[in-house]
Amino acid sequence: MRSTRWKAASRAALALAGAGALAAGMALTATAPAAAGTTLGASAAEKGRYFGTAVAGFKLSDSAYTTILNREFNMVTAENEMKMNATEPQQNQFSYGAADQIVNHARSRGMSVRGHTLAWHSQQPGWMESMSGSALRQAMLNHVTQVATHFRGQVVAWDVVNEAFADGSSGGRRDSNLQRTGNDWIEAAFRAARAADPGAKLCYNDYNTDNWTHAKTQGVYNMVRDFKARGVPIDCVGFQSHFNNESPYVSNYRTTLSSFAALGVDVQITELDIQGASANTYRSVVEDCLAVARCNGITVWGIRDSDSWRASQTPLLFNNNGSKKPAYDAVLAALNNGTTPTDPPTDPPTDPPTDPPTTPPPGSGGCTATVSVNQWTGGFVATVKVTAGSSAISGWTIGIGLPSGATVTNAWNANRSGNTGTTNWTNVAYNGRVGAGQSTEYGFQANGTAGSLSPTCSAS
Ligand code: XIL
């Protein structure tokens, strides 16, 4: 039912593109004979998708810019104007002028709007950067509620939370003031957003989550799977897809998109740019999205290379004078050539790649555990890293003695017995198997003071 909004956006774009003869429902069935669209938005709409761009409000007075924007795109993301520092510069004083200008420009021309972003460790207003604990949690939830309420009915989707996972091999959360308010801050933000705007799609958005084998990708995947299992309101996952030499496009990108989609969420490519703008790579990205039924839109992060936050990488579809680059032609051709799968999606789920296929002999190489603690006045979050010894293990039990006054209030990625004194933790279904020398993490939040914690680990 929730997908009707995306479909409506596509239909609106189709009608605008003058393709009204195409029956509305056919936009979603794959094998509709494709009239070749002549713009990115019209071509995407013929495939039941949108094609969007980031827009900087101050450029709306540049007619070279708006000419391309109005001609080519049917979805808009505010590049900076809906971020926390822009919309709540002083606590409880909200400022929507710049964002409203972008929303009005887009909607008055039949374009839809993605909201970006309600909660993020970056681009926070100064007053929020210096907050912590329950005061910060309340301020964040108030921000989510106020901003989502202001734009209710005007944005089709929100990046509710942006970039909450760590880079590197941990697969865990990024440390931030928001994370230190407790691991449930993300789901709390999603619940507040749903309450404030029940009609908007609610997305989690991140970068370096394109490569299916990366720990960060798996970390986000596990969170989304957990949210779906527990009924946390999440509808979509955004892949920023800033591709460059350090973080290039990979051929398993399609597997990533389809694997997330198989969890029951829509997926979108939300901030696409590609260093050097290889036409082949742009084509591959579009083909990968079209191959996944629930990949319902692509947004590039700017219009001309000179508009890019990484202008020196010339990563976009138009050059500085507004001419179409070879990458533009490749994208348009891919949109026009592509066939899309029929609805509902047929992509099979793909298992995360990290688990060894066989069950090792019980207890063979043992395990060790280490704890890192984020302490604030009156509470802390502990992240426990479980590492297998010289052999793979198929399950683990951790013992942690808490000092008096410390009480566990919340935990994730482990089963718990006891919340004061001696606590015992065992693996959940998806993280019991750990390869030789490999690690997994779980965490908990507690009231009180952690002191120094000395976990024990036994393997099975
Ligand atoms: C960038 C903007 O493009 C810049 O103008 C700004 O200075 C910094 O932020 N991930 C995101 C986007 O989610 O909001 C970021 O946008 C790029 C990385």
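One can find the structure itself at the top, above this paragraph.
Being a predicted model, the structure only gives us computed values, none of them experimental. (Residues numbered from 1 in each chain as written. Predicted model: local features only at pLDDT ≥ 70, side-chain atom pairs only at ≥ 80, totals over all residues. Heavy atoms only, no water.)

Student: Mind showing me how you'd approach the state of the cysteines here?
Tutor: Each disulfide is one covalent bond, formed between the sulfur atoms of two cysteines. If you walk through the whole model with that rule in mind, you get three disulfides. Each sulfur of the disulfide joining cysteine 203 and cysteine 236 lies 2.1 Å from the other. The S-S bond linking cysteine 203 to cysteine 236 shows a torsion near -80°; that makes this disulfide left-handed. One end of the pair, cysteine 203, is in strand 5 (residues 201-206); the other, cysteine 236, is in strand 6 (residues 236-239), and 33 residues separate them in sequence. Assessed through its relative accessible area of 0%, cysteine 236 is described here as buried. One disulfide bridge connects cysteine 367 with cysteine 457, the sulfur atoms lying 1.9 Å from each other. Looking along the S-S bond of the cysteine 367-cysteine 457 disulfide, the torsion reads about -105°, which is the left-handed sense. (Disulfide = S-S within 2.5 Å. Helix = DSSP H or I, 4+ residues; strand = E, 2+ residues; numbered from the N terminus. Buried < 20%, exposed > 50% of the residue type's maximum accessible area, 1.4 Å probe, protein only.)

Student: Whenever I open this one, the site of the ligand confuses me. Can you help?
Tutor: In the vicinity of the ligand there are 13 residues, among which Glu79, Lys83, His116, Glu271 and Trp301 approach most closely. Here an oxygen atom of the ligand sits 2.9 Å away from a polar atom, N or O, in the side chain of asparagine 162. In this structure, glutamine 240 approaches the ligand through a side-chain N or O atom, which is 3.2 Å from a nitrogen atom. In the complex, the protein chains occlude 78% of the 420 Å² of accessible area that the ligand would expose alone. Across the shell around the ligand, the residue classes tally to three nonpolar, six polar and four charged. (Near = heavy atom within 4 Å. Polar contact = N/O pair within 3.5 Å; in protein donor to acceptor, adjacent residues only side chain to side chain. Areas by Shrake-Rupley, 256 points an atom, 1.4 Å probe, with all protein chains shown as cover. Nonpolar A, V, L, I, M, F, W, Y, C, P; charged D, E, K, R; others polar.)

Student: How do you make sense of the environment of proline 403 when you look at a structure like this?
Tutor: Summarising the element assignment, proline 403 is placed in the loop between strand 12 (396-401) and strand 13 (407-412). Non-local contacts of proline 403, meaning those with residues more than four positions away in its chain, are made with Thr449, Ala450 and Leu453. (Contact = heavy atoms within 4.5 Å.)

Student: Any chance you could explain the pattern of salt bridges here in plain terms?
Tutor: Opposite charge on two side chains permits them to pair, given that their charged atoms come into close proximity. By the definition in use, this model includes 17 salt bridges. As a salt-bridge pair, aspartate 305 and lysine 325 come within 2.8 Å of each other at their nearest N and O atoms. With aspartate 305 in the loop between strand 9 (295-300) and helix 12 (326-337) and lysine 325 in the loop between strand 9 and helix 12, this pair connects stretches of sequence that are 20 residues apart. On the accessibility criterion, aspartate 305 (4% relative accessible area) is buried. Connected through salt bridges with shared partners, the residues Lys59, Asp62, Arg304 and Asp307 form a single ionic network. (Salt bridge = Lys/Arg side-chain N within 4 Å of Asp/Glu carboxyl O.)

Student: Before we go on, may I ask you to explain the nonpolar core in this structure?
Tutor: Soluble globular proteins tend to bury their nonpolar side chains together. Within the largest apolar cluster, 93 residues are counted, with the highest numbers of intra-cluster contacts made by Phe51, Trp158, Val161, Phe190, Tyr282 and Leu317. No other element matches helix 8 (residues 185-196), which puts eight residues into this core. If sequence neighbours within four positions are ignored, leucine 317 has contacts with Leu40, Phe51, Tyr282, Val300, Ile303, Ser323, Lys324, Lys325, Ala327, Tyr328 and Val331. (Core = buried A, V, L, I, M, F, W, Y, C linked by side-chain atoms within 4.5 Å.)

Student: What is the right way to read the sheet that holds strand 12 from this model?
Tutor: Two orientations exist for strands paired in a sheet by backbone hydrogen bonds: parallel and antiparallel. One open sheet holds the four strands; their spatial order is 14-15-12-17, and the pairing between them is antiparallel. Unpaired on one side and paired on the other, strand 14 (415-417) and strand 17 (456-459) mark the two borders of the sheet. Strand-to-strand, the axes of this sheet are offset by a mean angle of 20°, without reference to chain direction. Relative to strand 15 (residues 422-426), strand 14 runs antiparallel, the two being bridged by three bridges. (Pairing = 2+ DSSP bridges. Axes fitted to C-alpha atoms, helices over the stretch in contact; angles between N-to-C directions.)

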